[in-house]
Amino acid sequence: MKVSPILLFTLLALEYVSCNTAAQKTETPPNIVFISIDDLNDWVGFLGHEQAITPHMDQLASKGFSFTNAHCPAPVCGPSRTAVLSGLSPVSSGVYDNNIKFSRDLPEMVTLPEHFRNNGYQVYGVGKLFHGGASNVPKAAFDLYGGKKGSSAPFTSSELQNSKQDPYHLVTKGGKTFKLPLNGMPADRYWNKSHTFDWGAVDLPDSLFSDRQSVDWAIDQLDEIKNQPFLLALGFERPHQPLFNPKRFHDMYPLGKISLPEVPENDLIDLPHIAKQLALYPRTSGRHQTVVEYGQWENAVASYLASVSFVDELIGDLLKALNQHDLMDNTWIVLWSDHGWHLGEKSHWGKATGWYRSTRVPFLIVPPQTDVQFENTVSLKNTVNLLDLAPTMADMAGIPKNTQWEGRSLMPILKRQAKDWEEVSITTFSIGSHSVTTPHWQLISYFDGSFELYDLVNDPGQFENLAKQAAMAPLINQLKKHIPQESRWSYFIRHEDYKILIPQKGEIQVFDQMLEGRNDEDIAAEVPNLVKKIMKYIEVNKPQQKKFTIDLL
């Protein structure tokens, strides 16, 4: 068969265009959608929770990788988010609590979004990403930031003030009157400006809720950014308390069908002194005793699940928009929560503990749908930490890693190329206190030298503390090797309810762990006699241990 010169030329031209287009597609840097969810524990369908209705997150998990043993760097918003966005652990950054402002505390830090900007990406953000208000977002982090309204919406912070809820007050929104607090409970943290330990249905339009506004903003940006490599960061504020959601989500969880967490009557009996304090003090939420007394446990659990389902629906809307813009073929999606959350487990509400309920987080990585390197999607049991996000995302984008980052890229695990992966994760829940988690065990180390040890395989509820069993001493010693040294400090001491920190440089610090409203405030100047006795004890006894308890002074 003879081919005419014109036809031959046309075929060759088409082949050239086709190859060139394919090459351009391969060389185009991928997009990344970065989804952060506030205070979400493992109550999601894809991690096996039987009550949670999360079809969109479950579908996302089915298309990618779900890390079933993922843990946070810290079980509090500020230090956890700082770790993720700086690539540094709390011990390295010095950020242990929510009192964090990047411009003040880490002024020279190149944050993760800024690193992407410096390497050719357009970076957009909205909602809760950095801890605190919009003024806490570093100016160089985003090309465009859509703001953050707050988790109390559709109510304002002013409307949730403790001073107004005595014992309640009425607020009118959209022609409807609401009696706050919705759950009828007094504030256990009466010293706080706002009463946020509240929950219930709010029958108002979705458009008045902050997370709905954030998703709409993110979707609106897709038209502008779809033709350039982008990092789109979306931070959900739910299920952070208060647990206010449109009514239809609460209707999904009838109170009569709610299963409560298992809380044995004597669950705290085998815990160290400091662990009992953590369980019972309402540092980040309220008291379990109050929830039970007011008959609100079922309502709280249902409202938490309603918040999770609300977020799930909004994630579904974002995924739909990404599909409509033909972006899924060249877009990675990462989804994570900053830490877990207690709903009565260990008689605790909130976070900031070293237990599994606080440390474990949902963590998904979904590759571009056409990337043939990742054809098989599975649940991965490797022990990982959110610190691993930064180097992993750099590998996704094909950009250099910041040499200061402390996490490990998860790309070898995703490609089934990981060898000798160290199955351990460190979570820092206060200065001197850390959890060491492996696939089988969790060792909780407190600043006063006390421990808890749990068999996560046979006792996932962490009901039996094995730390005092002599047979466990070799295992504890092995796990202790992973505890950070915290070289800034010479001694961590407990005396009665006091936490005492003696730094290598600087003045002694004293904290009364049960001082309501001030337990994280240095009161050394108020207890000069105690300070003198502690320093005298150190001078005379020259302790060899860094962490210990002084019973008598």
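Residues numbered from 1 in each chain as written. Predicted model: local features only at pLDDT ≥ 70, side-chain atom pairs only at ≥ 80, totals over all residues. Heavy atoms only, no water.

Section: the overall build of the protein chain
Inclusion rule: Going along the chain from the N terminus, every DSSP run of H or I of four or more residues is numbered as a helix, and every run of E of two or more is numbered as a strand. With C-alpha atoms as the basis for the radius of gyration, the globule rule is written as 2.2 Å multiplied by the number of residues raised to the power 0.38. A 1.4 Å probe rolled over the protein chains alone gives each residue an accessible area, and that area as a share of the maximum for its type sets the label: buried under 20%, exposed over 50%, partly exposed in between. Two residues qualify as a contact provided that any one of their heavy atoms is within 4.5 Å of a heavy atom in the partner residue. Only the protein chains shown count as cover for residues, with accessible areas throughout obtained via the Shrake-Rupley method and a probe of 1.4 Å. Neither His nor the chain termini are counted; the positive set is Lys and Arg, and the negative set is Asp and Glu. For this purpose, a charge sits on NZ of Lys, CZ of Arg, CG of Asp or CD of Glu.
When you go through the protein chain residue by residue, the secondary structure sums to 16 helices and 22 strands. Taken over the C-alpha trace, the protein chain has a radius of gyration of 25 Å; the compact-globule value for 553 residues is 24 Å, and the two agree within 12%. By its C-alpha atoms, the protein chain is 105 × 60 × 45 Å across when sized along the principal axes. Burial status across the protein chain gives 58% buried among its 553 residues. Contacts in the protein chain between residues far apart in sequence, at least 24 positions, make up 69% of those at least 6 positions apart. For the protein chain, the exposed surface amounts to about 24,000 Å²; the carbon and sulfur share of it is 50%. With 51 positive and 63 negative side-chain charges, the protein chain shows a spacing of 3 Å between the two charge centroids.

Notes on the environment of asparagine 41
Defined as follows: Under the rule applied, a polar contact is a pair of N or O atoms within 3.5 Å (in protein, one hydrogen donor and one hydrogen acceptor; residues adjacent in sequence only if both atoms are side-chain atoms).
Counting through the fold element by element, asparagine 41 comes out in the loop between β1 (31-37) and α2 (55-62). Between the alpha carbons of asparagine 41 and proline 75 there is a distance of 10 Å; along the sequence they are 34 residues apart. With sequence-adjacent residues up to four places away left out, asparagine 41 is seen in contact with Tyr304, His339, Gly340, Trp341, Leu343, Arg357, Arg360 and Pro362. A distance of 2.9 Å separates the side chain of asparagine 41 from the backbone nitrogen of tryptophan 43, its partner in a polar contact.

Considerations on the sheet that holds strand β4 (residues 144-145)
Here is the rule: One requirement defines pairing of two strands: DSSP has to find at least two bridges between them. A fitted line through C-alpha atoms serves as each axis, taken over the contacting stretch for helices, and the angle formed by two N-to-C directions is quoted from 0 to 180°.
One open sheet holds the eight strands; their spatial order is β4-β3-β8-β1-β10-β13-β2-β14, and the pairing between them is mixed. The sheet terminates laterally at β4 and β14 (379-385), the two strands that pair on one side only. Judged from the six bridges that link them, β1 and strand β8 (residues 230-236) form a sheet pairing that is parallel. When the bridges of β8 are listed, phenylalanine 34 appears paired with alanine 233. Sitting on the sheet, α2 is in contact with β1, β2 (65-71), β10 (331-337) and β13 (363-366), with an inclination near 55° to β13. Against the sheet, helix α7 (residues 210-225) contacts β3 (122-127), β4 and β8, and its axis sits at roughly 170° relative to β8.

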